[in-house]
Amino acid sequence: MVTFSCSAAGEALTGTEHEITAAYGNQVNPVISGEYVVWQDQRHGNWDIYTYDLSSGRSEVAIFSDLKDETEPAISGSCVVVSSDRRGNSDIYLYDLVSGKETQLTSDKFAQTEPAISGDRIVWTDRRNQNMDIYMYDLTSKTEKRITSDKAEQTQPAISGNIIVWKDTRNDNDDIYMYNIDTGKETAVVTDPAEQANPAIEGNHIVWEDRRAGNLDIYLYDLSSGQEKAVTTDPSPQKTPAISDGRIVWADGRIKGTKIFIYDIAAGEEKTVSTASEYESNPSISGSRIAWQDKRKGTMDIFMFTEAAPEKGTEVVGGKAETAEKSQLGIYPAASAVLAAYLVATATQSGRRKN
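S.K.: What is the right way to read the overall build of the protein from this model?
M.R.: Of the regular secondary structure elements, the protein holds one helix and 32 strands. Put simply, the protein has 355 residues, and 50% of those count as buried. Considering only intrachain contacts with a sequence separation of at least 6, the fraction spanning at least 24 residues in the protein is 34%. Carbon and sulfur atoms make up 48% of the accessible area of the protein, which totals about 16,300 Å².

S.K.: What exactly am I supposed to notice about the sheet that holds strand 6 (residues 48-53) here?
M.R.: Strands belonging to one sheet form pairs held by backbone hydrogen bonds; the direction of such a pair is parallel or antiparallel. In spatial order, the strands read 4-5-6-7; together these four strands make up an open sheet with antiparallel pairing. Two strands lie at the open edges of the sheet, namely strand 4 (27-33) and strand 7 (61-64), each paired on one side alone. Geometrically, the sheet is characterised by an average inter-axis angle of 30° between neighbouring strands, direction not taken into account. Pairing analysis gives six bridges linking strand 5 (residues 36-41) to strand 6, with the strands arranged antiparallel. Within strand 6, the position partnered with Asp41 by the bridge is Asp48.

S.K.: What is the right way to look at the packing of aromatic side chains in this model?
M.R.: Each pair of aromatic rings is reported with the distance of its centres and the angle of its planes. A full pass over the atoms with the stated rule returns six aromatic pairs. Between Trp124 and Tyr135, the ring centres sit 6.3 Å apart and the planes meet at 20°, which makes this aromatic pair stacked. With Trp124 in strand 13 (residues 121-126) and Tyr135 in strand 14 (residues 133-138), this pair connects stretches of sequence that are 11 residues apart. It is Arg86 that lies over the ring of Tyr93; its NZ or CZ is 4.1 Å from the centre. Sitting over the face of the ring of Tyr177, Arg170 holds its NZ or CZ atom 4.2 Å from the ring centroid.

S.K.: Can you help me understand the sheet that holds strand 9 (residues 79-84) in this one?
M.R.: One open sheet holds the four strands; their spatial order is 8-9-10-11, and the pairing between them is antiparallel. Each having just a single partner strand, strand 8 (70-76) and strand 11 (102-104) make up the two edges of the open sheet. Taken pair by pair, the neighbouring strands of this sheet meet at an average axis angle of 25°, ignoring direction. Here six bridges tie strand 9 to strand 10 (residues 91-96), and the two strands are oriented antiparallel to one another. In the sheet register, Val80 faces strand 10, and the bridge partner there is Tyr95.

S.K.: Is there a simple way to think about the nonpolar core in this case?
M.R.: Considering soluble globular proteins, one finds that nonpolar side chains tend to be buried as a cluster. Among the nonpolar cores identified, the biggest contains 13 residues, and Val165, Met178, Val189, Ile201, Ile206 and Trp208 are the most heavily contacted of them. Elements that contribute at least two residues to this core include exactly strand 17 (163-168), strand 18 (175-180), strand 19 (185-190), strand 21 (205-210) and strand 22 (217-222). Aside from chain neighbours lying at most four places away, what touches Val189 is Ile176, Tyr177, Met178, Ile206, Trp208 and Tyr221. In this structure, Val38, Phe64, Val82 and Tyr95 belong to the second largest nonpolar core, which totals 12 residues.

S.K.: Explain the environment of Lys151 to me, please; I cannot follow it from the model alone.
M.R.: Here Lys151 lies in the loop between strand 15 (143-146) and strand 16 (154-160). The spatial distance from the C-alpha of Lys151 to the C-alpha of Asn129 is 8.9 Å, given a sequence separation of 22 residues.

S.K.: Is there a simple way to think about the side chain of Gln112 in this case?
M.R.: Among the secondary structure elements, Gln112 is positioned in strand 12 (residues 112-118). The exposure class assigned to Gln112 is buried, which follows from its relative accessible area of 0%. Only 3.4 Å separates the side chain of Gln112 from the side chain of Asp126, close enough to count as a polar contact. When residues no more than four places from it in sequence are discounted, the contact partners of Gln112 are Ser83, Asn89, Ser90, Asp91, Ile92, Thr106, Trp124, Thr125, Asp126 and Arg128.

S.K.: Before we go on, may I ask you to explain the pairing of strand 18 in this structure?
M.R.: Every regular strand shows the same layout, with side chains that alternate between the two sheet faces. The element strand 18 is largely enclosed, with a buried count of six among its six residues. Bridge count between strand 17 and strand 18: six bridges; the pairing is antiparallel. Paired with Ile164 across the bridge in strand 18 is Tyr179. From the end of strand 17 to the start of strand 18, which pair antiparallel, there are six residues, and Asp172 there has a positive phi angle of about 65°. Sheet topology note: the strand 18/strand 19 ladder contains five bridges and is antiparallel. Bridge pairing links Ile176 to Val190 in strand 19. Hairpin connection between strand 18 and strand 19: a loop of four residues separates the two successive antiparallel strands, and Gly184 in this loop has a positive phi of roughly 75°.

S.K.: What am I meant to see in the pairing of strand 15 here?
M.R.: One ladder, built from four bridges, connects strand 14 with strand 15; its direction is antiparallel. Paired with Asp138 across the bridge in strand 15 is Thr143. The hairpin formed by strand 14 and strand 15 contains four residues between the paired strands, and Lys142 there has a positive phi angle of roughly 55°.

S.K.: It is not clear to me how the pattern of salt bridges should be interpreted in this structure. Could you clarify?
M.R.: Opposite charge on two side chains permits pairing when their charged atoms draw close. Counting across every chain of the model gives 26 salt bridges. For the salt bridge of Arg254 with Glu270, the shortest nitrogen-to-oxygen distance reads 3.2 Å. Note that Arg254 is positioned in the loop between strand 25 (247-252) and strand 26 (259-264) and Glu270 in strand 27 (residues 269-274), a separation of 16 residues in sequence. Here the two residues Arg254 and Glu270 agree in accessibility, since each one is buried.

Conventions and cut-offs
- Along every chain, residues carry numbers that run from 1 in the direction the sequence is written.
- Owing to the predicted nature of the model, reporting of local features is limited to residues with pLDDT of at least 70; listing and counting of side-chain atom pairs is limited to 80 or more, with chain, interface and lining totals taken over all residues.
- For the side-chain quantities, the full set of heavy atoms in the structure was used; hydrogens and water were omitted.
- By definition, any uninterrupted DSSP run of H or I lasting at least four residues is a helix, any uninterrupted run of E lasting at least two residues is a strand, and each is numbered from the N terminus.
- Burial classes follow relative accessibility: with a 1.4 Å probe on protein chains only, a residue under 20% of its type's maximum area counts as buried, one over 50% as exposed, and anything between as partly exposed.
- It only takes one pair of heavy atoms within 4.5 Å for two residues to be counted as in contact.
- Computed with a 1.4 Å probe, the accessible areas rest on the Shrake-Rupley method; for each residue, only the protein chains presented here act as cover.
- DSSP bridges decide pairing: two strands pair if at least two such bridges lie between them.
- An axis is simply a line fitted to the C-alpha atoms; with a helix, the fit covers only the stretch in contact. Between two such axes, the angle follows the N-to-C directions and lies from 0 to 180 degrees.
- Stacked, tilted and edge-to-face pairs are distinguished by plane angle, under 30 degrees for stacked and over 60 for edge-to-face with tilted covering the rest, among Phe, Tyr and Trp rings (Trp via its six-membered ring) whose centres lie within 6.5 Å.
- Note on criteria: charge over ring means Lys NZ or Arg CZ within 6 Å of the ring centre, with the direction from the centre no more than 35 degrees off the ring normal.
- Among the buried residues, those of types Ala, Val, Leu, Ile, Met, Phe, Trp, Tyr and Cys that are joined through side-chain atoms within 4.5 Å form a nonpolar core.
- For this analysis, a polar contact is any N or O atom pair within 3.5 Å, provided that within protein one partner can donate a hydrogen and the other can accept it, and provided that sequence-adjacent residues contribute only side-chain to side-chain pairs.
- Salt bridge, as used here: a side-chain nitrogen of Lys or Arg that lies within 4 Å of a carboxyl oxygen of Asp or Glu.

Right under this line is the structure:
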């Protein structure tokens, strides 16, 4: 195991932060995919599901708003899945943000909860066998499949492509297991005697919160290399990780309260995302955008951070104008082209003088 120690707060991520919701009651459990932010909303006294379309900049819109509770939203592209108790028990429902079409996916009399989605595959926790199992529904084939059959509890599923991960109690403690949809093979990811929970996955990377050091840390497993790595080892708790584009976000307790942190797997760098509030939790990430629930105003609201995009400047290398990423130089394309031509000409003349 490779250990990366993060005992102090890192450099701040560059970007802008703004509030998505300021409604009455609590807004919690945000998820984000591309231009859509979706969350669980209590403004009318029960739990509804709201969305905000960042591309249009319009105000939030309720997509589930009946008198029953809709909770635990998950999103992939324009498809949102939730757990709804409108029939007296919890079922899984799908809503397409583009078409506005709603589809009921489960109808068993026992509870189906904790949905997750990746592309056309949806997974959830299911109690129909008198214990918690993981089930999957394929939107393309319109077929349902039972993924786990162990008599212990399997909960907290997550999915990316053909890999499903979950929390599993078959070893009398909480471990992380996975299932390959293509091969039908189930594998233990981590079986340490301490508690491992809240797994998330993207591509070859599985992350989770881990208590083996006596407090909650964030761990990473690389499916391609088979290597496990501690992302955080600070004595304060780090919890509820999420991952997108090779970057992990989580809620971190090392500064007063809980703040949102980010770790770039390829660069091996950790940064703070937001330290504006003492009550930041449950982050979600999609590309350059990070959303979380925030209690800075007394009730939970949804906030979002948008990372500043690096701007392109021009450098001269060996007498040639080459494009390079510049994160702080505000050079307009036209000005950049003029500058590049000037620098090339200067470099060429300098070379001629030397000859």
